[in-house]
Each structure stands twice: as structure tokens, then as C-alpha cells.
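# Inside the fold
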Amino acid sequence: MTKKTICDDCKKWQSSTKFRDVLQYNRSLFSYTPFMQEVVTQWKYRGDYQLKEIFTPYIQKELRNFYPIESLTIVPIPLTDERLQERAFNQATAIAEVIAKHNKNPVIAALSRKASQSEKQSKKSRQQRITTKNPFFLTKSLETDVLLVDDIYTTGMTIHHAATLLKEEGCPNIYSFTLIR
């Protein structure tokens with residue numbers, strides 16, 4: 001039996017009165033290495049949608065080890081309409097669909113992003129990300145356990161904003177999965 005440890009980032013989130021206990025935990029498959037940065041750039045910013053296929057076997061293999069997958073509703077982190085038009089697809093939705101296809105879970109677009117919050121996260125400093133207001137609003141009420149899905153975990157603010165909103169609206173347990181951290 002392996003001992004589960006809590007990373008320093010999770011300890012920081014748990015010490016926050018605002019965000020404590022909104023998220024059960026996050027798991028990521030890959031580290032954000034220079035190689036992964038190139039893959040993400042090709043996939044996300046240059047529109048090579050089919051690159052999601054290289055991640056599929058890893059997601060299939062590891063996901064059941066991370067979560068009580070049978071009982072989860074999958075909720076992808078949304079893009080603004082502007083960002084979706086730029087990229088032609090939402091990478092979080094692409095990942096969510098891979099998970100759903102292989103685990104028979106529903107994918108529900110329960111969140112939307114406020115248009116006024118459209119500045120790219122990648123252009124912000126860590127401090128700017130941490131102090132942003134919650135950019136999400138609920139489009140569908142859920143009272144199920146949720147698996148939030150996003151492509152990259154940088155500061156954790158995006159996931160925690162989304163989890164906070166879902167928790168306030170009645171979701172008992174919220175987990176998150178990010179492809180890269």
C-alpha cells in the first residue's frame with residue numbers, strides 16, 4: 001500500500017478559508033516540460049485537434065486509478081466565445097470526451113465563462129491569476145459528484161473558481177483532472 005501525500009500546492013489551497021474543501025483533489029498525467037509545451041502549442045494554439053489521440057491511451061490507463069469514475073459527471077472548463085472562435089475547439093472538452101467515451105460518463109457543459117473575463121491566462125503573472133474574480137457562471141444545475149477537466153494546471157485558480165461555484169450550487173464532491181501540470 002502506497003502512502004498518499006499531499007503536494008505543497010494542495011496544502012496552500014487547503015489553508016485558504018475561501019477555497020478549503022471545495023476540491024477533493026487534482027490529478028495530472030504529465031509535467032509541463034519543454035516537450036509538452038511544444039505539444040500543447042501545436043494542439044491548442046495551432047489547431048492540431050488530432051493530437052488529442054496521443055493522450056488517449058494514457059488517459060485510459062490512468063484515470064480509473066485516480067477517481068471513483070463510475071459516479072462522476074464530467075464538466076469541461078469552458079472557453080469564452082472569442083477564444084473558442086480563435087481555436088476552433090475547446091481542448092478541455094476534447095479531453096472530457098476522451099474520458100467519457102472510455103468510461104461511459106456524461107459530459108455536461110454546466111459552466112460558461114463571462115465575456116468580460118476573456119484575457120488570456122497565459123499572459124498573466126501568478127499573482128494576477130490568483131487574484132482574478134471568478135469568471136464562471138452556471139448554465140446547468142448539477143447535484144452529482146463532478147470531475148472538472150482542463151488541459152493545464154498552472155496555479156490552480158481556474159479549477160478552484162469552477163469548483164467553488166459547483167460546490168455552492170450543490171455538487172457534493174468535486175475532483176479535477178488536468179492533462180498537464
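First, a word on scope: everything that follows refers to the structure included in this document. Residue indices begin from 1 for each chain and proceed along its sequence in written order. A pLDDT threshold of at least 70 governs which residues receive local features in this predicted model, and a stricter bar of 80 or more applies before side-chain atom pairs are shown or counted, although totals over entire chains, interfaces and linings include all residues. For the side-chain quantities, the full set of heavy atoms in the structure was used; hydrogens and water were omitted.

### Some words on the overall build of the protein
For clarity, the cut-off: Secondary structure counts use DSSP, requiring at least four H or I residues in a row for a helix and at least two E residues in a row for a strand, with both numbered from the N terminus. Using a 1.4 Å probe on the protein chains alone, a residue whose accessible area is under 20% of its type maximum counts as buried, one over 50% counts as exposed, and one in between counts as partly exposed. We call two residues in contact when some of their heavy atoms are within 4.5 Å. Only the protein chains shown count as cover for residues, and the accessible areas themselves come from Shrake-Rupley with a 1.4 Å probe. His is not counted, nor are the chain ends; Lys and Arg add positive charge and Asp and Glu add negative charge. Each charge is placed at NZ for Lys, CZ for Arg, CG for Asp and CD for Glu.
Across its full length, the protein carries seven helices and six strands. For the protein, the α and β elements follow one another from N to C terminus as α-β-α-α-β-α-α-β-α-β-β-α-β. Along the three orthogonal principal directions, the C-alpha set of the protein runs to about 40 × 40 × 30 Å. A total of 181 residues make up the protein; the buried ones form 46% of that total. Across the protein, every contact between residues at least 6 apart in sequence was considered, and the portion connecting residues at least 24 apart equals 81%. Accessible area of the protein: about 10000 Å², with a carbon and sulfur share of 50%. Separation between the mean location of the 27 positive side-chain charges and that of the 19 negative ones in the protein comes to 4 Å.

### As for the sheet that holds strand S1 (residues 26-30)
We count it as follows: At least two bridges found by DSSP between two strands are what make those strands a pair. Axis geometry follows a simple rule: fit a line to the C-alpha atoms, using only the stretch in contact for helices, then measure angles between N-to-C directions, giving values from 0 to 180 degrees.
Ordered by their spatial adjacency, four strands build an open sheet running S1-S6-S5-S2, and the pairing between neighbours is parallel. A strand with exactly one partner marks an edge of an open sheet, and here the two such strands are S1 and strand S2 (72-76). Mean inter-strand twist for the sheet, computed between neighbouring axes without regard to direction, equals 25°. Bridge analysis of S2 against strand S5 (residues 145-152) gives five bridges, and the strand direction is parallel. By the bridge assignment, threonine 73 is partnered in S5 with valine 146. Each of S1, S5 and strand S6 (174-180) touches helix H2 (residues 34-45); the most contacted strand, S5, lies at about 100° to it.

### A short note on the environment of isoleucine 77
Checked against the element boundaries, isoleucine 77 lands in the loop between S2 and helix H4 (81-87). Residue isoleucine 77 is classed as buried on the basis of its relative accessible area, which comes to 2%. The sequence separation of isoleucine 77 and asparagine 90 amounts to 13 residues, and the corresponding C-alpha distance is 8.5 Å. With residues near it in sequence (within four places) discarded, isoleucine 77 still touches Asn90, Ala92, Arg113, Phe136, Leu148, Val149, Asp150, Thr158, Ile159 and Ala162.

### Examining the layout of surface pockets
Defined as follows: Every definition here rests on a 1 Å grid over the protein atoms only: cavities are sets of points where a 1.4 Å probe fits but cannot get out, pockets are open sets enclosed by protein on both sides within 12 Å along at least five of seven lines, and lining residues have some atom within 4 Å of a point. Grid points are joined across faces, edges and corners, and a volume is the space filled by probe spheres set on the points. Residue classes follow a fixed rule: Ala, Val, Leu, Ile, Met, Phe, Trp, Tyr, Cys and Pro count as nonpolar, while Asp, Glu, Lys and Arg count as charged, and any other residue, Gly among them, counts as polar.
Space inside the second largest pocket adds up to approximately 390 Å³. Residue lining of the second largest pocket: 16 residues in total, with Ile6, Cys10, Gln24, Tyr25 and Arg27 positioned closest to the centre. Elements that contribute at least two residues to the lining of the second largest pocket include exactly helix H1 (8-14) and S1. A class-by-class count of the residues in the lining of the second largest pocket yields seven nonpolar, six polar and three charged.

### Looking at the packing of aromatic side chains
Applicable threshold: A pair of aromatic rings is counted whenever rings of Phe, Tyr or Trp (Trp by its six-membered ring) have centres within 6.5 Å, and the orientation is called stacked for planes under 30 degrees apart, edge-to-face for over 60 and tilted otherwise.
Counted under the stated rule, the structure contains ten aromatic pairs. Where tyrosine 25 meets tyrosine 67, the ring centres are 5.8 Å apart and the plane angle is 10°; that geometry is what we call stacked. With a gap of 42 residues between them, tyrosine 25 in the loop between H1 and S1 and tyrosine 67 in the loop between helix H3 (52-66) and S2 connect regions that are remote in the sequence. The buried category is assigned to tyrosine 67, whose relative accessible area is 5%. On the basis of an interplanar angle of 75° and a centroid distance of 5.9 Å, the ring pair of tyrosine 67 and tyrosine 175 is categorised as edge-to-face. Of this pair, tyrosine 67 sits in the loop between H3 and S2 while tyrosine 175 sits in strand S6; the two residues are 108 residues apart in sequence, bridging distant segments of the chain. Across the pair, exposure class does not vary: tyrosine 67 and tyrosine 175 are buried alike.

### Observations regarding the packing of H2 against H3
Short version of the rule: Throughout this description, any angle smaller than 35 degrees is read as roughly parallel, any larger than 145 degrees as roughly antiparallel, any in the 65 to 115 degree range as roughly perpendicular, and the remainder as oblique.
Interhelical geometry of H2 versus H3 gives an angle of 125° and a closest axis separation of 11 Å. On the basis of their axis angle, the class for H2 and H3 is oblique. Seen from H2, the contacting residues are Met36, Val39 and Trp43; seen from H3, they are Lys52, Ile54 and Phe55. Residues that form the contact of H2 with H3 fall into these classes: five nonpolar, no polar and one charged.

Without other data, these values stay purely geometric and don't point to any function.
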